[in-house]
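Next come the chains, spelled out residue by residue.
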Amino acid sequence: MFLTSQFKTSLRKNLQLSKLLPQLLLIILFCYIIYFFTKNTQINLAARNLNFGFDFLNTNSGFDVQFSLIQYDGSSSYFRSYLVGLLNTLLVSFFGIIFATILGFIVGISRLSPNWIVNKLSLIYVELFRNLPLLLQIFFWYFVVIRSLPSTEKSMVILDILIINLQGFYIPKFIFSNFIYIFYGLFLALLATIAVKYYATKVFYESGKIIPVFKIFLLLIIVLPIIFSFIGDVSLLVEYPKLVKNFGIFNYVGGVKLVPEFLALLFSLSLYTSAFIAENVRAGILAISKGQKEASKSLGFNNPQTLKLIVIPQALRVIIPPTTNQYLNLTKNSSLAAAIGYPDLAGVFAGTALSQTGKAIEIIFMVMMTYLTMSLIISSILNWYNKKIAIVER
């Protein structure tokens, strides 16, 4: 009996050791690989008289950027050029995600429409944009569509608000004084909407009454900032683009200019990604059983109410995980902007700054960590939301 117990103990220790040994060997191998590449990098840097460090970020960049959300010129530092590229990447990624989501949901729902024309047009949309290479679509929008727009002196003027020409799109610029009061109004409108949403959900589950939360939100987001603007004596100056002629060349000055590279990249990223999101939406809706829809009709819900209150909330659990991947792909695909000269992070910092400084390791490391951070933030937010709407089992 004693020998049997001792044998079992010894066997248990051997099993634990057999499980730990491969993991230990893997850790040792991983550490050796890091050591090998680190040592190899040090030897190569020393052979080329190069030093590792980030001191170059404080030196003048010596190059200009055609489109920037912050003040920048050739005397600015390399770190500021990094910020310029980062903000431009965030700008096109943010609006690309918004437009791709809206288009994806519309097309995805249209794919299930009983209307034959709407259904087939949605199918053509998905198959067209999903199966064409993204880089080719970027070239199409930039070289074929935008480059065929009229010259500056023959610009298309729409309602004196939008000016379209070969140089880009021009819109009026709104200059506020005491803008902080408008921000207070927007923030209060957001808090009020959250309270109304909570109350509307409670009323719906208790009595079945539907409170139009979105309409209330639109009303609050318009009315409250106006009220706060009167309280804070906010003034508004509208700066319109003006056509001027310098040295025989026509150009618009003033207002807000959307450069053609930004527009081409935004259109292509939004349309390309929306085709994949549309299929995710269609798959999520089809995952909901017909019994759910039939039960909602028996309760007197019409088709829009069934879609909004029954189908979409359940389908989101299926839609969000693959859509998260598409958001990440859109953010990373924005690095293709270098093909048409849009000054994103990869083009400005990993392109121009790298070629001027020769700091390949430092710059590539910063760019890689930046894209990794953006991807982790996006996935964390969507994973949190997906967990929030998940069905909780009792």
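Residues numbered from 1 in each chain as written. Predicted model: local features only at pLDDT ≥ 70, side-chain atom pairs only at ≥ 80, totals over all residues. Heavy atoms only, no water.

**Student:** What should I look at first to understand the overall build of the chain in this one?
**Tutor:** Scanning the chain from N- to C-terminus turns up 11 helices and 8 strands. Its C-alpha atoms give the chain a radius of gyration of 28 Å, clearly above 21 Å, the size a compact globule of 394 residues would have. The C-alpha extent of the chain, read off along each of the three principal axes, is 100 × 80 × 50 Å. Counting across all 394 residues of the chain, residues that qualify as buried make up 34%. If you take every contact in the chain between residues at least 6 apart in sequence, the share linking residues at least 24 apart comes to 67%. If you sum the accessible surface of the chain, you get close to 24900 Å²; carbon and sulfur atoms cover 68% of it. (Helix = DSSP H or I, 4+ residues; strand = E, 2+ residues; numbered from the N terminus. Rg over C-alpha atoms; globule rule 2.2 N^0.38 Å. Buried < 20%, exposed > 50% of the residue type's maximum accessible area, 1.4 Å probe, protein only. Contact = heavy atoms within 4.5 Å. Areas by Shrake-Rupley, 256 points an atom, 1.4 Å probe, with all protein chains shown as cover.)

**Student:** Could you clarify how one ought to interpret the layout of surface pockets in this entry?
**Tutor:** Unoccupied space between atoms shows up once a probe the size of one water molecule is rolled over them. The computed volume of the largest pocket comes to approximately 2100 Å³. Lining the largest pocket are 35 residues, and of these K197, K308, P313, L316 and Y385 sit closest to its centre. When contributions to the lining of the largest pocket are tallied by element, the ones reaching two or more residues are α2 (78–110), α5 (179–207), α6 (213–231), α9 (303–333) and α11 (360–388). Per element, the largest residue contribution to the lining of the largest pocket is 10 residues, and it comes from α9. The residue makeup of the lining of the largest pocket, split by class, is 25 nonpolar, 5 polar and 5 charged. (1 Å grid on protein atoms, 1.4 Å probe; cavity = no way out; pocket = protein on both sides within 12 Å on 5 of 7 lines; lining within 4 Å. Points joined across faces, edges and corners; volume = space filled by probe spheres on them. Nonpolar A, V, L, I, M, F, W, Y, C, P; charged D, E, K, R; others polar.)

**Student:** Quick question: what am I supposed to make of the packing of aromatic side chains here?
**Tutor:** Any pair of aromatic rings gets described here by the distance separating the centres and the angle formed by the planes. Per the counting criterion, the structure on display carries 19 aromatic pairs. Judged by centre distance (6.4 Å) and plane angle (50°), the rings of F63 and Y78 are tilted. Here Y78 lies in helix α2 and F63 lies in the loop between α1 (2–47) and α2, a separation of 15 residues in the sequence. Joined through ring pairs, the aromatic side chains of F56, F63, Y72 and Y78 make up one cluster. (Phe/Tyr/Trp six-rings, centres within 6.5 Å; stacked < 30°, edge-to-face > 60°.)

**Student:** Explain the sheet that holds strand β2 (residues 162–165) here, please?
**Tutor:** What links the strands of a sheet is backbone hydrogen bonding, and the strands pair in either a parallel or an antiparallel sense. Sheet architecture is open: 4 strands sit in the order β1-β2-β3-β8, paired in antiparallel fashion. The outermost strands of the open sheet, each flanked by one partner alone, are β1 (156–158) and β8 (256–258). Across the sheet, the mean angle from the axis of one strand to that of its neighbour is 20°, orientation sign disregarded. Pairing geometry for strand β3 (residues 168–171) and β8, over 3 bridges, is antiparallel. Its bridge partner lying in β8, F169 is registered against L258. (Pairing = 2+ DSSP bridges. Axes fitted to C-alpha atoms, helices over the stretch in contact; angles between N-to-C directions.)

**Student:** What am I meant to see in the pairing of β3 here?
**Tutor:** Each regular strand carries side chains that alternate between the two faces of the sheet. Of the strand pairs in this sheet, β2 and β3 are connected by 3 bridges, and their pairing is antiparallel. Residue pairing in the sheet places I163 in a bridge with Y170 of β3. The antiparallel pairing of β2 with β3 creates a hairpin that spans 2 residues between the two strands.

**Student:** So what exactly am I meant to see when it comes to the pattern of salt bridges here?
**Tutor:** It is possible for side chains of opposite charge to pair when their charged atoms get near one another. For the structure shown, the criterion picks out 5 salt bridges. A salt bridge links R130 to E127; the nearest nitrogen and oxygen atoms lie 2.9 Å apart. With R130 and E127 both in helix α3 (residues 116–131), this residue pair falls 3 residues apart, about one helical turn. Of the residues examined, R130 reaches a relative accessible area of 25% and is grouped as partly exposed. (Salt bridge = Lys/Arg side-chain N within 4 Å of Asp/Glu carboxyl O.)

**Student:** Help me understand the side chain of T370 in this model?
**Tutor:** Checked against the element boundaries, T370 lands in helix α11. When its relative accessible area of 8% is taken as the criterion, T370 is described as buried. Among the polar contacts made by the side chain of T370, one reaches the main-chain carbonyl oxygen of M366 at a distance of 2.7 Å. Setting aside residues up to four positions removed in sequence, T370 forms contacts with Y82, L86 and L345. (Polar contact = N/O pair within 3.5 Å; in protein donor to acceptor, adjacent residues only side chain to side chain.)

**Student:** Whenever I open this one, the nonpolar core confuses me. Can you help?
**Tutor:** The tendency in soluble globular proteins is for nonpolar side chains to be buried as a group. Core analysis: the largest hydrophobic core is formed by 46 residues, its most contacted members being V92, F262, L265 and Y342. Dropping the residues within four chain positions of it, F262 is found in contact with L91, V92 and Y342. Of all hydrophobic cores here, the second largest spans 18 residues; its members include Y72, L86, F349 and V367. (Core = buried A, V, L, I, M, F, W, Y, C linked by side-chain atoms within 4.5 Å.)

**Student:** Help me understand the side chain of N119, please; the structure alone is not making it clear to me.
**Tutor:** Looking at the element boundaries, N119 is found in helix α3. N119 sits in the buried class, given a relative accessible area of 16%. Looking at N119, its side chain comes within polar contact range of the main-chain oxygen of R111, at 2.7 Å. Among all residues touching N119, those that are not within four sequence positions of it are S110, R111, L112 and S113.

**Student:** Hey, could you run me through the environment of E362 in this one?
**Tutor:** Here E362 lies in helix α11. The buried category is assigned to E362, whose relative accessible area is 4%. C-alpha separation for the pair E362 and A350, spaced 12 residues apart in sequence, amounts to 9.9 Å. Beyond its immediate chain neighbours, meaning those up to four positions away, E362 contacts N51, F52, G53, F54 and F56.

**Student:** Would you explain the packing of helix α10 (residues 345–357) against α11 in this entry?
**Tutor:** Between two packed helices, what matters for the description is the angle formed by their axes and the separation of those axes. α11 packs onto α10 with a crossing angle of 170° between their chain directions and a minimal axis gap of 9 Å. Here α10 is positioned roughly antiparallel relative to α11, judged by the angle of their axes. Here L345, A346, F349, A350, A353, L354 and T357 of α10 lie close against α11, whose contacting residues are A360, I363, I364, M366, V367, T370 and Y371. (Parallel < 35°, antiparallel > 145°, perpendicular 65-115°, else oblique.)

**Student:** Please explain the environment of F105 as it appears in this structure.
**Tutor:** Structurally, the position occupied by F105 is in helix α2. Classification of F105 as partly exposed rests on a relative accessible area of 23%. Along the sequence, F105 and N333 sit 228 residues apart, while their C-alpha atoms lie 21 Å from each other. With residues up to four places along the chain from it excluded, the contact list for F105 reads V281, I312, L316 and I319.

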